[in-house]
Amino acid sequence: MSIGVFDSGIGGLTVLKEAIRQLPHENYLYYADTRHVPYGTKPKDEVKGYIYNAAEFFAGQGVEALVIACNTATSIAINDLRERYGFPIIGMEPAVKPAVEKADDRRVLVLATPITVKEKKLHDLVERLDSEQTVDLHALPGLVEYAEKFIFDENIITQYLMNEFSRYDLSRYSSVVLGCTHFVFYKRHFKMVLPQGVDVIDGNLGTVNRLKTMLGNREPAYDGNGCVTFYCSGEKDTDDGKYRRYLELEY
Ligand code: DGL
């Protein structure tokens, strides 16, 4: 049986990479909804439809577990999906908790897509953890488009980030939380524009740890390395190279 990994596009590859690192002996099905990316700037009900289609695909494949490697999809659909399907479903959670715990009187900036920033799920999380009101939320849609187009040029990306951050006094911040899996590709670009000492935190490790806990102590699927099969909006994509070049990126 395989482990399903789902995202609107290529952002979930940052989660897949961590999963392969920690659980190399498993088979994965990676589903990029390339036909409908980006999700974060579209109407919520439209995006829900795309997510339900993808979930049906995974149910048809008989996956052992499904990782929703997309904060946007997690924030609007994970509860419905868990009600509908019998297999375990693991989602993304912006790493607000570790960020607040080590903030030490400084502020925390959470970056995500417009849908995630608007959604109740993130507001409830922040409310629960942020009694001092030190957390700011900021929607950052541009990086999803850049990542999908494989644009990693330092000038373009740092200029974009500096514009987005122009209204913040970043020296008052302890960390920036990446609440979108596409943003993880840009960790080093974030570090270039943030003052020294501002941490960049993502939730990928937490998600993979939950997957590991869920698999428990069962034997790995293979003695050797497992494989990844890529699907583009439900159709098998034999052009692996397109995904592999993202998996090879350093960030
Ligand atoms: N990778 C996504 C996330 O984690 C979604 C990006 C998008 O499609 O807008 O939120």
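In what follows, the structure referred to is the one given above.
None of the values given here were measured: they were computed from a predicted structure. Per-chain numbering applies: the sequence of each chain, read as written, is numbered from 1 onward. Predicted model: local features are reported for residues with pLDDT of at least 70 only, side-chain atom pairs are reported and counted for 80 or more only, and whole-chain, interface and lining totals are derived from all residues. In computing side-chain properties, one takes all heavy atoms of the structure into account and sets aside hydrogens as well as water.

## Looking at the pairing of strand β5 (residues 107–112)
Each residue is placed in one exposure class: buried if its accessible area under a 1.4 Å probe, protein chains only, is under 20% of its type's maximum, exposed if it is over 50%, and partly exposed if it falls in between. Helix and strand assignments come from DSSP, with helices taken as H or I runs of at least 4 residues and strands as E runs of at least 2, each series counted from the N terminus. Within β5, 6 of the 6 residues are buried, which leaves the element mostly enclosed by the surrounding structure. Burial along β5 is two-sided: R107, L109 and L111 facing one way and V108, V110 and A112 facing the other are all buried. Bridge analysis of β5 against strand β7 (residues 173–178) gives 5 bridges, and the strand direction is parallel. Bridge assignment links L111 to a residue of β7, and that residue is L178. Two strands pair when backbone bridges link them, and β5 and strand β6 (residues 135–139) are joined in this way by 5 bridges, in the parallel orientation. Bridge assignment links L111 to a residue of β6, and that residue is H138. Each pair of strands is called paired provided DSSP finds at least two bridges between the two strands.

## Remarks on the side chain of S2
Tracing the sequence through the fold places S2 in the segment before β1 (3–7). What makes S2 buried here is its relative accessible area of 18%. Contacts between residues were defined by any pair of non-hydrogen atoms, one from each residue, lying within 4.5 Å. Once residues lying within four places of it in the same chain are set aside, the contact partners of S2 are N27, L29, V63, E64 and A65.

## What to know about the layout of surface pockets
Size it by volume and the largest pocket reaches roughly 240 Å³. As defined here, a cavity is a set of points on a 1 Å grid over the protein atoms alone where a 1.4 Å probe fits but cannot get out. A pocket is an open set with protein on both sides within 12 Å along at least five of seven lines, and residues line them when an atom is within 4 Å of a point. The wall of the largest pocket is formed by 16 residues, among which T74, M92, E93, P94 and K121 lie closest to the centre. The set of elements that each furnish at least two residues to the lining of the largest pocket consists of α3 (71–84) and α6 (120–129). By residue class, the composition of the lining of the largest pocket is 5 nonpolar, 5 polar and 6 charged. Grid points are joined across faces, edges and corners, and a volume is the space filled by probe spheres set on the points. There is about 180 Å³ of room inside the second largest pocket. Considering the residues around the second largest pocket, the lining is formed by T14, K17, E18, R21, V184, K187, D202, N204, L205 and Y251. Within the residue set of the lining of the second largest pocket, elements represented by two or more residues are α1 (13–22) and α10 (204–215). Note that Gly is not counted as nonpolar here; it falls among the polar residues with everything else outside the nonpolar set of Ala, Val, Leu, Ile, Met, Phe, Trp, Tyr, Cys and Pro and the charged set of Asp, Glu, Lys and Arg.

## Quick notes on the pairing of β1
Taking burial as the measure, the 5 residues of β1 include 5 buried ones, the bulk of the element. Residues I3, V5 and D7 of β1 are buried on one face, and the alternating residues G4 and F6, pointing to the opposite face, are buried as well. In this structure, β1 lies alongside strand β2 (residues 28–32), joined through 5 bridges in parallel fashion. The partner of I3 across the bridge, within β2, is Y28. The definition of a right-handed crossover adopted here requires that, viewed with the strands pointing away, the path from the first strand over the helix to the second runs clockwise. Between the parallel pair β1 and β2, the chain is carried across by α1, and the sense of this crossover is right-handed.

## Quick word on the pattern of salt bridges
Take a side-chain nitrogen of Lys or Arg and a carboxyl oxygen of Asp or Glu: if they are within 4 Å of each other, that pair is a salt bridge. Enumeration over the complete set of coordinates arrives at 14 salt bridges. For D124, the salt bridge identified is with K120, shortest N-O distance 2.7 Å. Separated by 4 residues within a single helix, D124 and K120 lie in helix α6, roughly one turn from each other. The partner of R188 in a salt bridge is E154, with the nearest N and O atoms 3.0 Å apart. Pair noted here: R188 is in helix α9 (residues 187–193) and E154 is in helix α8 (residues 154–164), with a separation of 34 residues, a long-range link. Exposure remark for R188: the relative accessible area of 33% places this residue in the partly exposed category. Given the relative accessible area of 39%, E154 is considered partly exposed. Ionic contacts of the salt-bridge type, sharing partners, join the residues E26, E64 and R218 into one network.

## Observations concerning the sheet that holds β6
Strands sit in the order β6-β5-β7-β8 across an open sheet of 4 strands; the sheet is parallel. Each edge of the open sheet carries a strand with a single partner, namely β6 and β8 (199–202). This sheet shows a mean twist of 25° between the axes of neighbouring strands, independent of strand direction. Where β7 lies against β8, 4 bridges are found, and the strand directions are parallel. Bridged to V177 within β8 is I201. Structural elements are reduced to axes, namely lines fitted to C-alpha atoms, with helices fitted over the stretch in contact, and the angle between N-to-C directions of any two is expressed from 0 to 180 degrees.

## Topic: unusual backbone geometry
For the bond running from V37 to P38, omega is 0°, close enough to zero to count as cis. Relative to the helices and strands, P38 resides in the loop between β2 and α2 (44–61). One non-glycine residue, F150, adopts positive backbone phi at about 55°. Within the secondary structure, F150 sits in the loop between α7 (142–148) and α8. F150 sits in the partly exposed class, given a relative accessible area of 24%.

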